[in-house]
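Next come the chains, spelled out residue by residue.
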Amino acid sequence: MPLPYRGRGSRLASSRGASTSVHSPRRAGRGAPSSSHALRLTRRRHSSEQVPPGPEPQADFRSGKWLQEHAGGDARDSQQTARAGMGSRHRICSQEEVVIPCDSDNDSGSVDLQLSNLEDIKKDPSSLELTDSDIFDITGLSQESFIYSYRHLTQQGPDNEANVERLIQSIQEVFNGELQSEFEKLTFLRSLSSLSQTLPYDETTESFIHSHITDIVHVLNMLIEEEPLHSLFSSVRQEVFITIANLSYQDIHLLFGSEDRADLFSLITKSIIALPSVETLIQLQEIMPSGSYNTECLYRQTFQAFSEMLQSLVVKDPHLENLDTIFKQMDPWLQSTKDHERERATASMAQVLKCLSRHLSLKLPLRFQRLGHFVALMALLCGDSVTEVAEEAAEGMHCLLHVTLRLKCTIYDKKNHPNLRRAMKKCQELLELYSIKQFYSCPFKIAQIFEAFLNSNELFQFVMTTLDGLENLKHPCTQKSAGELLITMVKNAESRFEKVPEIMGVICARLSIISQPRVRRQIINTVSLFISRPKYTDIVIGHLLCHPVPYDRHLAELWRTLEVELPSTTWILWRLLRKLQKCHNEPTHEKMAYVAVAATDALYEVFVGNRLQAATFRLFPQLLMTLLIQIHHSIGLTMSDVAVPSGLYTEQEMSSEVTPLCFAIQATKSLLLRTLCWQEFNIMEKNKGWTLLEGKECHLQGVSLLANALLERNHLLAHKVMYLLVPLLNRGNDKHKLTSAGFFVELLQSPVARRLPSIYSIVRLKDWLHHGNRVFKFLALRGLRYLIKHQDMREDIRSLLPCILDLLCETDEKIVLLAIQILLQLVGTMDFTTLTAMMKTLFTLFGDESRQVLTICAQFLKWKLPQEVYCKDPWYISPSEAGTVCKFFGKKCQGKVNLLAQTLMFSKNAKLPIRRAAVLFVGLLLKYVDCSELRTKGTDWIENEIISMDLHLQPGFCGHLDLKALLHDPEPSLCIIASQALFRVQKVGAEPDPRQSIAG
């Protein structure tokens, strides 16, 4: 159905007029010399306007006359009216003026962000009231309220009503039928657009459109779906955009409010952004001619209509919910890997932001909650490799700054006005350092400006979006911009971030894809900034310790190359160390905490990197003892004995060669090397100290070896360790205490130990003497043996004599030996009672099996065995040597019967060699025993000696045994020797008493 001339004219005039009432259009060829270079490029790429060639003066980005505004409204009206009667092809393809809506040639004040009146704020920031006018002055944008007007439409009686009815009827027919040809589609769209112009004064129109919005959305969706995505041969898209814009100006939004409208928005956005590049479209036209259509011209006008449609959505957007929807639709296109798609999306958003900044009138509540993401994305685009994209983004960033200032002014209450003023002052100071053009070409300067206005949640959005930019492997410059933005924002925002673990998680995930050394360094420095701030230190460390060990090369590099200022190094290393120390307070029967293994590996990487060297020296005592304790806890464990978080490893990733012990040993080795303890390291290697440390039974020997090496080669460090251990000896679990005690005791050899208060030395050792664990008793005696060398400490040690004497009855050979050695030093100070008790106890030790104990006892009593009694071979295979020994005792010793009694005690020993030697000795010694004395006492006690109950219960014995019973021992050598001894006993008993013979 042909459209009336009036309706056509009204539609075009209204849609164009609505735009140009706010932004004066510029005729082709007029005012060109004063246009900015960025705007000229924008229009050349995305509109059909012909920009005449000529010199392009450098734009003064700081002046209030970036673009000159030119009037042209009246002349435009006549052209639009004439153009309204033209066919669509002529209207599209003619070289006519094309108006860019909401894109004024006058950006006066919209770029100059300097504040002339900020001098007052500098003098007294708290003395001024913050008003909207301040914001406009700050940004240089004029306080211009949006008043859109349409051509003067008046009711013209029945004729106008008849036109409305005809338009409604034609539109209604489409709802009940379908559109076939392009002409029918265009007729429908223009009828709907013309009808929208009658909404301000026609209730019938308003009722019809509101009741058929679902139908309208459905038809528009169908029209866009029928348009091919790979080519542009019709103006249907353009007319759809114009129709939606005209309805939007009348507050009828077809793209918001329901799922089907959101789908339509997504579809029309894709239909224009996803088109092939202009060059491809032109080539396609050459291959497939489309009559009189000029593809390039058609594309530029279509894109212009799309841009106008988006702008119409934000002209009245007090809550910014429309901006939020637009940004959600454009977000994926702004990050497209295709240059032409990214350029279109950026140009569109730049125009939307410019329009919004002109007509901003905000009201609470604000619905736009993605400011940080938006700022970061536009900032990344400012550094885009495509010059056109960067220029469009820079223009958009300027407008976004104005929107941000107004937004913050709206949401801040009076209490927060000082904070906003400080942010504005900081913004002003930074802008004074750079020209605006330089500012927008440097991403890190964008971060400096916007940081002051972003809250913690928006900062998080900014950082996460910037980190997403690191994934752009196709454009290295985007990675570079992302690195600059990230490090600058984190450096300036200080401690205002939230969700730091999430940030760390993304950083760790991105490290593997960053190949540029500079960007990689910036990302690691970002982690360094976070970890050096006390508020985040534990959070960052905690997250980094939740990765599989051993760390991959990327995380290892992170730990090794932390770039931290000197005052923060000790704090960071201490917090990492505390993560490990807390694990040592857990019960030893439970699984080892995974954090303990991860922290140990982290310490190793830190030592290897050596970036925290000063802190390593400062914390050496704590580091060394903590790692030695970790070694003790790790002995005999595999990763299956560690409480590994679920999902951290797969079965294939868990290597059987990786154990908690290997991490602890390598961390301890690297600590010694990084603190220049090379001699101590060498001593450990030469004496197999590392092997000793790894052993369950010999761990304390390794600890003692290292303590002695440190005391010998670096007594200053040794003394620091000793003073550290004084308050820590009774903390932690048993393994913690044992390792600490073992190291501490060896350090008591130092002369400095005498300066320790007795409560930390002798009193503590006394407590250990009563400890239920024999190892503590051994360590206590070892410590007393070192301290007794100091004369001024002997009196305190002498008070411990009763405890030491009790330890002589211990079954542990090492404890007995140490006790005797200490008593040997104190014997000169003992009273008679103590000395008597000690001697009785020592005499009992001669039944001890230990040759070493017997030797020490003999030395203690100043007994020295004559050379004659030494025999290299066992007596039973050297009878002549055994006979010599017995002959010596027979001639030199008195009370041979008592000697026989003592020897018989050894015949009850559980060990065969001792029983055999005792029985042999009894038999040989009988030759030298006084027979009369033996007869007086009888021989039954020798022949029928009953074994004590204790020996009866020893392994290898069965029932009550006597000397006769040994004749039946399963060991032949013992049977033979026992029979010989028994024969001599019986022979002595059977011989007559000489005195009885004489008397008889």
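Residues numbered from 1 in each chain as written. Predicted model: local features only at pLDDT ≥ 70, side-chain atom pairs only at ≥ 80, totals over all residues. Heavy atoms only, no water.

The name given to the chain in an unreviewed UniProt entry is Protein MROH8 isoform X9, with the source organism recorded as Vulpes vulpes.

Engineer: Please explain the overall build of the chain as it appears in this structure.
Structural biologist: For the chain, the helix and strand inventory stands at 52 helices and 2 strands. Buried residues in the chain amount to 55% of all 1000 residues. Of all intrachain contacts in the chain linking residues separated by at least 6 positions in sequence, the fraction that spans at least 24 positions is 76%. For the chain, the computed accessible surface area is about 44000 Å², with 53% contributed by carbon and sulfur atoms. (Helix = DSSP H or I, 4+ residues; strand = E, 2+ residues; numbered from the N terminus. Buried < 20%, exposed > 50% of the residue type's maximum accessible area, 1.4 Å probe, protein only. Contact = heavy atoms within 4.5 Å. Areas by Shrake-Rupley, 256 points an atom, 1.4 Å probe, with all protein chains shown as cover.)

Engineer: What should I look at first to understand the nonpolar core in this one?
Structural biologist: Taken as a class, soluble globular proteins show a tendency for nonpolar side chains to be buried jointly. Among the nonpolar cores identified, the biggest contains 246 residues, and F188, M309, F497, I503 and F743 are the most heavily contacted of them. The greatest single-element share of this core, amounting to 11 residues, is contributed by helix 18 (residues 387–411). Sequence-distant contacts of F188, defined by excluding residues within four places in its chain, comprise I171, V174, F175, L179, V219 and L223. Counting 23 residues, the second-largest nonpolar core is a separate cluster that includes C886, V897, L926 and L966. (Core = buried A, V, L, I, M, F, W, Y, C linked by side-chain atoms within 4.5 Å.)

Engineer: What exactly am I supposed to notice about a nonpolar patch on the surface here?
Structural biologist: Residues L673, L676 and W678 make up a contiguous nonpolar surface patch of roughly 320 Å² in combined accessible area. Summarising the element assignment, L676 is placed in the loop between helix 32 (660–674) and helix 33 (678–686). (Patch = residues over 30% accessible without salt bridge, like charges linked within 9 Å, V, L, I, M, F, W, Y side chains within 5 Å. Salt bridge = Lys/Arg side-chain N within 4 Å of Asp/Glu carboxyl O.)

Engineer: How should the packing of helix 33 against helix 35 (residues 699–713) be read in this particular structure?
Structural biologist: Helix-helix packing is characterised by the crossing angle of the two axes and by the distance between the axes. Closest axis-to-axis distance for the helix 33/helix 35 pair is 9 Å, and the angle between their directions is 145°. Note on packing geometry: the crossing formed by helix 33 with helix 35 is right-handed. Residue-level inspection shows Q679, E680, I683 and M684 of helix 33 in contact with helix 35, the latter providing G702, L705, L706, A709, L710, E712 and R713. A class-by-class count of the residues in the contact of helix 33 with helix 35 yields 6 nonpolar, 2 polar and 3 charged. (Axes fitted to C-alpha atoms, helices over the stretch in contact; angles between N-to-C directions. Left-handed = near helix turned anticlockwise from the far one by under 90°. Nonpolar A, V, L, I, M, F, W, Y, C, P; charged D, E, K, R; others polar.)

Engineer: Mind showing me how you'd approach the pattern of salt bridges here?
Structural biologist: One pass over the full model with this rule turns up 26 salt bridges. With a closest N to O distance of 2.5 Å, R560 and E605 form a salt bridge. Pair noted here: R560 is in helix 27 (residues 553–560) and E605 is in helix 29 (residues 594–609), with a separation of 45 residues, a long-range link. Using a relative accessible area of 30% as the deciding quantity, one classes R560 as partly exposed. When the shortest N-O distance is used, the salt bridge between E795 and R798 registers 3.2 Å. Taken together, the residues E795 and R798, both in helix 40 (residues 794–798) and 3 residues apart, mark about one turn of the helix. For E795, a relative accessible area of 51% translates into the label exposed. Residues participating in the shared-partner salt-bridge network are D339, R342 and D384.

Engineer: What is the right way to read helix 14 (residues 295–314) from this model?
Structural biologist: Each α-helix turn comprises 3.6 residues. Residues three or four places apart therefore point the same way. For helix 14, which comprises 20 residues, the first-to-last C-alpha distance of 29 Å matches the rise-based estimate of 28 Å (1.5 Å per residue) to within 8%. Within helix 14, 19 of the 20 residues are buried, leaving the element largely enclosed by the surrounding structure. Residue N294 occupies the N-cap position of helix 14, its side-chain oxygen lying 3.1 Å from the main-chain nitrogen of E296. (Expected span 1.5 Å × (residues − 1). Polar contact = N/O pair within 3.5 Å; in protein donor to acceptor, adjacent residues only side chain to side chain.)

Engineer: What am I meant to see in the side chain of S312 here?
Structural biologist: By the element assignment, S312 lies in helix 14. Overall, the relative accessible area of 3% leaves S312 in the buried class. In this structure the side chain of S312 is engaged in a polar contact, spanning 2.5 Å, whose partner is the backbone oxygen of M309. Once you skip the residues sitting within four places of it in the chain, S312 turns out to touch A245, S248 and Y249.

Engineer: Would you take a moment to explain the packing of aromatic side chains for this structure?
Structural biologist: The geometry of an aromatic ring pair is captured by the separation of the ring centres together with the interplanar angle, meaning the angle of the planes. The final tally for this structure, using the stated rule, is 14 aromatic pairs. One aromatic cluster is present, built from ring pairs that chain together F241, Y299, F303 and F306. (Phe/Tyr/Trp six-rings, centres within 6.5 Å; stacked < 30°, edge-to-face > 60°.)

Engineer: What am I meant to see in the confidence of the model for the chain here?
Structural biologist: As a general rule, the predicted coordinates of low-pLDDT regions are not to be interpreted in detail. Here the chain shows a mean pLDDT of 77. Residues at 70 or above account for 74%. Ignoring residues within four places in sequence, the model shows residues 1–45, a span with pLDDT below 50, making 148 contacts including any to other chains. Predicted confidence for residues 996–1000 stays below pLDDT 50, and this span has 1 contact to residues more than four positions away or in other chains. (pLDDT = per-residue confidence, 0-100.)

Engineer: Can you help me understand unusual backbone geometry in this one?
Structural biologist: Most peptide bonds adopt trans geometry, and most residues besides glycine take a negative phi value. In this structure, P365 follows L364 across a cis peptide bond, with omega equal to 0°. Its place among the elements puts P365 in the loop between helix 16 (339–358) and helix 17 (371–382). In the segment running from V549 into P550, the intervening peptide bond is cis, with an omega of -5°. Turning to its location among the elements, P550 is positioned in the loop between helix 26 (534–544) and helix 27. Its identity is not glycine, yet D251 carries a phi of approximately 65°, on the positive side. Residue placement: D251 occurs in the loop between helix 11 (236–249) and helix 12 (259–273).

Engineer: Sorry, what's going on with helix 45 (residues 879–892) here?
Structural biologist: Spanning 14 residues, helix 45 covers 20 Å between terminal C-alpha atoms, matching the ideal 20 Å at 1.5 Å per step. Buried within helix 45 we find A882, V885, C886, F888, F889 and G890. In this fold, the buried residues of helix 45 make contact with helix 46 (896–906) and helix 47 (912–925).

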